[in-house]
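Structural overview for review
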Amino acid sequence: MGLFWRRKKDDFVSLRLNEPAEAKPEAEAPPPPVVEPPASTVKEEPQVPSRSPFATSVLGLNLSIEELQAQELALEQEFAARFRRAVAATRDSLSEKLDTVFAARKQIDDELLDQLEEVLIAADIGVPTTLDILEKVRRGVARKQINDIDTLKQAIKTELLNILQASEREGIASELSVPEGISPYVMMIVGVNGVGKTTTIGKLAQRIKAEGNDVLICAADTFRAAASDQLAIWAERTGVPLIQQKQGTDPAAVLFDSLKAAKARGSEVLIVDTAGRLHTKSNLMAELEKMKRVAGREVEGAPHETLLVVDAVTGQNGLEQARQFLKVAGVTGIVLTKLDGTAKGGIAVAIAKELNLPIRYAGIGEKVDDLVVFDPQQYVNGLFGN
């Protein structure tokens, strides 16, 4: 899975996993003074050491290239293992049902394919996606390219992987698509209330900061007082500054102040919370459009990503919410949360196929570093126990 955030000028990033969490990096020149906008409240939180070893990433200038590569490999293997555990419930459910379908069968017939269709739909891969997969399987059977159970399993895996990889050709599949000279990199986070939007912002801030980036959070959901309060908790927990204003303030004004502050302090990344009210779609559309205009005036190409947070547990209902947001928010990618809490993790395939957008990140637990870059190959292998 590699580095979480790859848009950085430095060639090597060390995690210093062999050093205590209290170890501090070498002193650096003080940052430029921050000119704070008078109308906003900027909460600068003290740097609180995290218990997570992943939160102590600094430039590993004291280490050899081999040592750096070994540490990166160890981290990649750790997150790959955690990702496999996150989809374990789906894998167990899918494998058990597939084993039942394939038991004592040596040839592929219509009855087997009909049962396979039910299994894939039950995993929340979705009816349209399942029918598309099985249509290609049937063509392979007719051409004698698929003639046994093992070949059939491999064909299904290949189709799932093709769907996920094809979605990466749309939207924004990587932060590397934006030139490094453009700063800050602006990420707008959208989604209905209750899907884990605030938690995702906190985890994003923590993971990006942990790799040596200066991060700022903008609390632009001024409709809901609890939204700013929840973000303040995450800001304190991760040691990331938060810019917020009183309830009812124009979200575009909060974003404007945040962009000014981000540029003044030299922040590399600005993460923007937004309102999650789909029942007032026209107001939400106007609000988001205004925020995008403000961002684009202040930073070239901003917002550089608009990420939609979807709760994996809600399955097809989450997919319908995503369709609604696509109409109003100009979404460029998906964050799939609570992937570890469902046996229907096939929703990732349905989202990629029906929305034709890349899944950028996946939530795999409740800890602050339980957010990973979504890897299609790891996901498919995890579903089939490879």
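Provided above is the structure to which this section pertains.
A brief structural summary. (Residues numbered from 1 in each chain as written. Predicted model: local features only at pLDDT ≥ 70, side-chain atom pairs only at ≥ 80, totals over all residues. Heavy atoms only, no water.)

Here we come to the overall build of the chain. For the chain, the count of helices and strands is twelve helices and nine strands. Considering only intrachain contacts with a sequence separation of at least 6, the fraction spanning at least 24 residues in the chain is 80%. Total accessible area on the chain stands at roughly 17,200 Å², and carbon and sulfur atoms take up 51% of it. (Helix = DSSP H or I, 4+ residues; strand = E, 2+ residues; numbered from the N terminus. Contact = heavy atoms within 4.5 Å. Areas by Shrake-Rupley, 256 points an atom, 1.4 Å probe, with all protein chains shown as cover.)

The next point concerns the side chain of T306. Structurally, T306 is set in strand β6 (residues 305-311). The residues touching T306, leaving out its near neighbours within four places in the chain, are M188, V190, K292, A329, G330, V331, T332 and G333.

With that out of the way, let us pick up the packing of helix α5 (residues 149-167) against helix α11 (residues 347-355). Remark: α5 packs on α11, axes separated minimally by 8 Å, with the N-to-C direction vectors making an angle of 50 degrees. Taken together, the axis directions place α5 and α11 in an arrangement best described as oblique. Judged by the sense of rotation from one axis to the other, the crossing of α5 with α11 is left-handed. Along its contact with α5, which presents L160, I163, L164 and S167, the element α11 presents A348, V349, A352 and K353. (Axes fitted to C-alpha atoms, helices over the stretch in contact; angles between N-to-C directions. Parallel < 35°, antiparallel > 145°, perpendicular 65-115°, else oblique. Left-handed = near helix turned anticlockwise from the far one by under 90°.)

Once that is clear, we can look at the pattern of salt bridges. Enumeration over the complete set of coordinates arrives at 16 salt bridges. Its salt-bridge partner being K136, residue E159 comes within 3.5 Å of it at the nearest N-O pair. On the criterion of sequence distance, the pair formed by E159 in helix α5 and K136 in helix α4 (residues 127-142) is long-range, its members being 23 residues apart. Judged by relative accessible area, E159 falls into the buried class, the value being 14%. Residue K136 is classed as partly exposed on the basis of its relative accessible area, which comes to 34%. Ionic pairing is found between E354 and R323, a salt bridge with its closest N-O pair at 2.5 Å. Separated by 31 residues along the polypeptide, E354 in helix α11 and R323 in helix α10 (residues 316-329) bring together distant segments of the chain. Residue E354 is classed as partly exposed on the basis of its relative accessible area, which comes to 28%. Classification of R323 by relative accessible area gives partly exposed; the value is 30%. Salt bridges here are not isolated pairs; linked through shared partners, they connect D132, K136, E159 and K353. (Salt bridge = Lys/Arg side-chain N within 4 Å of Asp/Glu carboxyl O. Buried < 20%, exposed > 50% of the residue type's maximum accessible area, 1.4 Å probe, protein only.)

Along any regular strand the residues' side chains alternate between the sheet's two faces. Along strand β8 (residues 359-363), five of the five residues are buried, which leaves the element largely enclosed by surrounding structure. As defined by bridge partners, strand β7 (residues 333-337) adjoins β8 across three bridges and the pair is classed as parallel. Within β8, the position partnered with I334 by the bridge is I359. (Pairing = 2+ DSSP bridges.)

This part covers unusual backbone geometry. In the segment running from S183 into P184, the intervening peptide bond is cis, with an omega of 0 degrees. Counting through the fold element by element, P184 comes out in the loop between α5 and β2 (185-190). Across the junction of A302 and P303, the peptide omega takes the value -5 degrees, indicating a cis bond. The topology assignment puts P303 in the loop between α9 (281-298) and β6. Here K144, not a glycine, exhibits a phi torsion of approximately 65 degrees, which is positive. Among the secondary structure elements, K144 is positioned in the loop between α4 and α5. K144 gets classed as exposed once you look at its relative accessible area, which sits at 65%. Positive phi is not limited to glycine here, since K338 has a value of about 60 degrees. Note on placement: K338 falls in the loop between β7 and α11. Given a relative accessible area of 33%, K338 falls into the partly exposed group.

Geometrically, a pair of aromatic rings is defined through the distance of the ring centres and the angle of the planes. Under the definition given, this model contains three aromatic pairs. With centroids separated by 5.1 Å and ring planes inclined at 80 degrees, the aromatic side chains of W5 and Y185 adopt a geometry described as edge-to-face. Of this pair, W5 sits in the segment before β1 (41-43) while Y185 is found in strand β2, placing the two residues 180 residues apart along the sequence. We classify Y185 as buried; its relative accessible area is 0%. Centroid distance F374 to Y379: 5.3 Å. Interplanar angle 45 degrees. Geometry classified as tilted. (Phe/Tyr/Trp six-rings, centres within 6.5 Å; stacked < 30°, edge-to-face > 60°.)

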